[in-house]
Amino acid sequence: MTITKILIANRGEIACRIIRTARKMGIATVAVYSEADASALHVEMADEAVLIGPAPASESYLKVDAILDAAKRTGADAIHPGYGFLSENPDFVEKVEKAGLIFIGPSARAIRAMGLKDAAKALMEKANVPVVPGYHGEAQELVVLAGKANEIGFPVLIKARAGGGGKGMRKVDNQADFPAALSSARREAKASFGDDRVLVEKYVATPRHIEIQVFGDNHGNVVHLFERDCSAQRRHQKVIEEAPAPDMPEDMRAAMGAAAVQAARAIQYSGAGTVEFIVDASDGLKADRFWFMEMNTRLQVEHPVTELITGLDLVEWQLRVAAGEHLPLTQDQLSINGHAVEARIYAEDAEKGFLPAVGRLAHLAFPGGDIRVDAGVRAGDEITPFYDPMIAKVIAHGKTRAEALGKLAGALGRTEIAGTVTNTAFLTRLCRDADFAAGRLDTGLIDRNISSLTERAPAPRTIVALAALAASGMVASHSGKAMSVQSLGPFEIWGAPKRSVKLGINDTERAFVIEREASDSWIIAGDGMPSGGMRLNAVQWSGNDWAFSAGGVTQRCRLVQSGTEVAVFHEGLTYRFGKQQHLRSDDLAAGGDQVVSAMPGIIKQVLVAQGQEVKAGEPMVIMEAMKMEMTLPAPRDGVIADVLVADGVQVTDGVALVTLQAQADAA
Ligand code: ADP
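The model shown is predicted, which means the values in this text are computed figures rather than measured ones.

(A) Spatial organisation of the pattern of salt bridges. Applying the stated rule across the entire model yields 49 salt bridges. Here Asp313 makes a salt bridge to Lys24, at a shortest N to O gap of 2.7 Å. Of this pair, Asp313 sits in the loop between α10 (303-310) and α11 (314-322) while Lys24 sits in helix α1 (residues 12-24); the two residues are 289 residues apart in sequence, bridging distant segments of the chain. By relative accessible area, Lys24 is classed as exposed at 54%. The residue Glu242 makes a salt bridge to Arg401 at a minimum N-O spacing of 2.6 Å. Taken together, the residues span a long stretch of sequence, with Glu242 in strand β12 (residues 237-243) and Arg401 in helix α12 (residues 401-413) at a distance of 159 residues. Exposure class is identical for Glu242 and Arg401. Each is buried.

This is the structure:
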């Protein structure tokens, strides 16, 4: 079989990443896209592109017939599913094959065998792969499950058998909490997967998530490409991944590799897969303290760290295997070189409970050098509520773990993103966290250190003053060329020598008055400024690079203005200031009469009815935005005047969802 043209049934960074390898191999590419992605990077990169439907994934990236039709129309030989979407859908695989196309991935049978956590565990038990102790039988009655939990011994973990993405999972510490945890796990499982059946597992102490990359071909060969440690997690979701695992003993690596290969062999696995294990690290890493959790039958988000330590291109391997070739290397030919770490940059507000965000990326600049950046967006693109809000993966390689982590932290600091809030400061802090840096990690590390990892760094006064000056429009350049202080050419005064501006700083509005003192110096007075104002002198200005002096100290930064904000990148941190007309109204609900959507999303459940009495903080509406569920509380005690939305309704941001009777009426 030869593959000359592939269709990529995906979007974003993974679609772009697959296109790069296909191009290198001389294989033509077809992108598919939704209406929301008409000008997306993956569409631009592919040789051909086919529109498959409206923005919601259910009407585009999950539409099997539209995708098969696109493949037929473009004459593709094979379909690469990427990750997510249809990548682990066995019915899709069967349809692809029935249409006479190659599915770049495992067989439908292998996917089915690993599709449900309970059946997969039973299968692995038979194949002598150690599995997490627990109950994964058919019975689902509360009494049975509670009894099993008792036998297993608390703490236990309830897991949706159809689970993924940490959904439908609850840790339970004691018998008394079990019934409530079970019903909430079931509710989430039902809503997310349409299947509310669960299993109960021993909650492993001091858990580390260590997974093994495996690869099989259609000739019975299976190898493993060593481990990745994904213990840096939040809400059971990976944040930073690395390879190899810190302090991994050789005998444990060999045992885990062998177990993973055994797991893959048991289902005649072909292509790229990951066998995930949970490790009890309470007494360091020991070769008999790891247990199978599940197998992901696709390429994983974090595959680049394996690529960097092995020097291989896993997508190339996928394409070769799909074309019927033998695995390019045998187990003895594989080895680990150095250490690699990957951080996932998301549009989310880490300092505000990781609230997912949207927005247009007014500015986007990634570090150069030997840093790998896998991104699916470019400046000007929009992060929409329709898809995963990941902006990019930044991956660093070093001779040692310390070197790789240092490089990653540096690279994150040099990453400039304006137009939306991101988690980069949180990621940088995590790289530098004392426990993490020392390799003392487990899945609870982020939670334990959450306050120091998510502390919002207040903008230095000089940066605030500079942002106010920039927003005032009293400085402009004739050209983007660097000018020295002697030539005052780039600075020009617009209009009056005195102007007032307002900036939104961490959700509060601050007012400033800017006065021109000389052609290159200004006095910025107002909220948070020293009495008498702060004097800023322009030293140099070239494009986004600013150098200015305040109090005799010269500082450099990068500053980008869009219609809605001023973003300042300074010493590895990003400070965002909302412009007056666009101040966020997130906090408008606190103490007020309304509950307002803070971002576009879908109403999952309205929990209150008209006329009902509520207490401040009581949950009123459950909303899902950017794949995250959030509960919106009552802003104060009161009586519901009106419910303005219903379950399943899609809303934009700033929309009133529920109103309370005005306080005077209620009294
Ligand atoms: P999902 O498919 O929803 O991602 P997983 O089974 O892969 O669920 O588990 C996700 C994460 O939950 C793991 O990486 C680990 O941090 C934690 N976890 C899962 N099982 C256990 C367990 N038995 N004990 C402790 N932590 C666990």
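(B) Local environment of the domain arrangement of the chain. Once the domains are mapped, the chain shows domain 1 (5-104), domain 2 (133-202), domain 3 (207-337), domain 4 (344-456), domain 5 (461-577) and domain 6 (585-666). Inter-centroid distance (C-alpha atoms) of domain 2 to domain 4 is 32 Å.

(C) Looking closely at the site of the ligand. Neighbouring residues of the ligand: 23 residues in total, closest Lys117, Gly166, His209, Gln233 and Glu294. With respect to the ligand, the side chain of Glu201 contributes an N or O atom lying 2.9 Å from a nitrogen atom. Lys202 has a polar backbone atom sitting 2.9 Å from a nitrogen atom of the ligand. Here the ligand loses 96% of its free accessible area of 550 Å² to cover by the protein chains. Those elements that provide at least two residues to the shell around the ligand are β7 (156-160), β9 (198-202), β10 (207-216), β13 (271-280) and β14 (290-296). Taken together, the residues of the shell around the ligand break down into eight nonpolar, eight polar and seven charged. A domain split of the shell around the ligand shows at least three residues from each of domain 2 (133-202) and domain 3 (207-337).

(D) Structural context of the sheet that holds strand β6 (residues 134-135). Taken in spatial order, the four strands line up as β6-β9-β7-β8 in an open sheet, and their pairing is antiparallel. Both outer strands of the open sheet, β6 and β8 (169-172), are each paired with one neighbouring strand and no more. Taken together, the four bridges between β7 and β8 define a ladder with antiparallel strand orientation. Directly across from Lys159, in β8, lies its bridge partner Met169. Where helix α7 (residues 142-152) meets the sheet, its contacts fall on β6, β7 and β9, and the angle it forms with β9 comes to roughly 15°. In the packing of helix α8 (residues 178-193) onto the sheet, contacts are made with β7, β8 and β9, and the angle to β7 comes to roughly 25°.

(E) Up close: the packing of helix α5 (residues 108-115) against helix α6 (residues 117-126). Orientation of α5 relative to α6, taken along the N-to-C sense of each, is 100°, at an axis distance of 6 Å. Between α5 and α6, the interaxial angle falls into the category roughly perpendicular. Contacts from Ala113, Met114 and Gly115 in α5 reach Lys117, Ala119, Ala120, Leu123 and Met124 in α6. Classifying every residue of the contact of α5 with α6 gives six nonpolar, one polar and one charged.

(F) Geometry of the pairing of strand β27 (residues 534-542). Sheet topology note: the strand β26 (residues 521-526)/β27 ladder contains four bridges and is antiparallel. Residue pairing across strands places Ser521 opposite Asn537, the latter belonging to β27. Two elements, β27 and strand β28 (residues 545-550), share five bridges in a ladder whose sense is antiparallel. Following the sheet pairing, Trp541 is matched in β28 by Trp546. The turn linking β27 back onto β28 is made up of two residues, and Gly543 within it adopts a positive phi angle of 60°.

(G) Representation of the environment of Asp37. Relative to the helices and strands, Asp37 resides in the loop between β2 (28-34) and α2 (41-45). Spatially, the C-alpha atoms of Asp37 and Glu382 are 9.3 Å apart, while their sequence positions differ by 345 residues. Sequence-distant contacts of Asp37, that is, excluding residues within four places in its chain, are made with Arg11, His42, Val43, Tyr61 and Tyr387.

(H) Examining the sheet that holds strand β15 (residues 339-346) more closely. One open sheet holds the eight strands; their spatial order is β14-β13-β10-β11-β12-β15-β22-β20, and the pairing between them is antiparallel. Unpaired on one side and paired on the other, β14 and β20 (372-375) mark the two borders of the sheet. Strand-to-strand twist in this sheet, taken as the mean axis angle between neighbours without regard to direction, amounts to 25°. Where strand β11 (residues 222-234) meets β12, four bridges bridge the pair, whose relative direction is antiparallel. Paired with Arg234 across the strands is Gln237, a residue of β12. Across the sheet, helix α13 (residues 424-432) is in contact with β11, β12 and β15; its angle to β12 comes to roughly 45°.

Procedures and definitions
Residues numbered from 1 in each chain as written. Predicted model: local features only at pLDDT ≥ 70, side-chain atom pairs only at ≥ 80, totals over all residues. Heavy atoms only, no water. Salt bridge = Lys/Arg side-chain N within 4 Å of Asp/Glu carboxyl O. Helix = DSSP H or I, 4+ residues; strand = E, 2+ residues; numbered from the N terminus. Buried < 20%, exposed > 50% of the residue type's maximum accessible area, 1.4 Å probe, protein only. Domains from an automatic or database assignment. Near = heavy atom within 4 Å. Polar contact = N/O pair within 3.5 Å; in protein donor to acceptor, adjacent residues only side chain to side chain. Areas by Shrake-Rupley, 256 points an atom, 1.4 Å probe, with all protein chains shown as cover. Nonpolar A, V, L, I, M, F, W, Y, C, P; charged D, E, K, R; others polar. Pairing = 2+ DSSP bridges. Contact = heavy atoms within 4.5 Å. Axes fitted to C-alpha atoms, helices over the stretch in contact; angles between N-to-C directions. Parallel < 35°, antiparallel > 145°, perpendicular 65-115°, else oblique.

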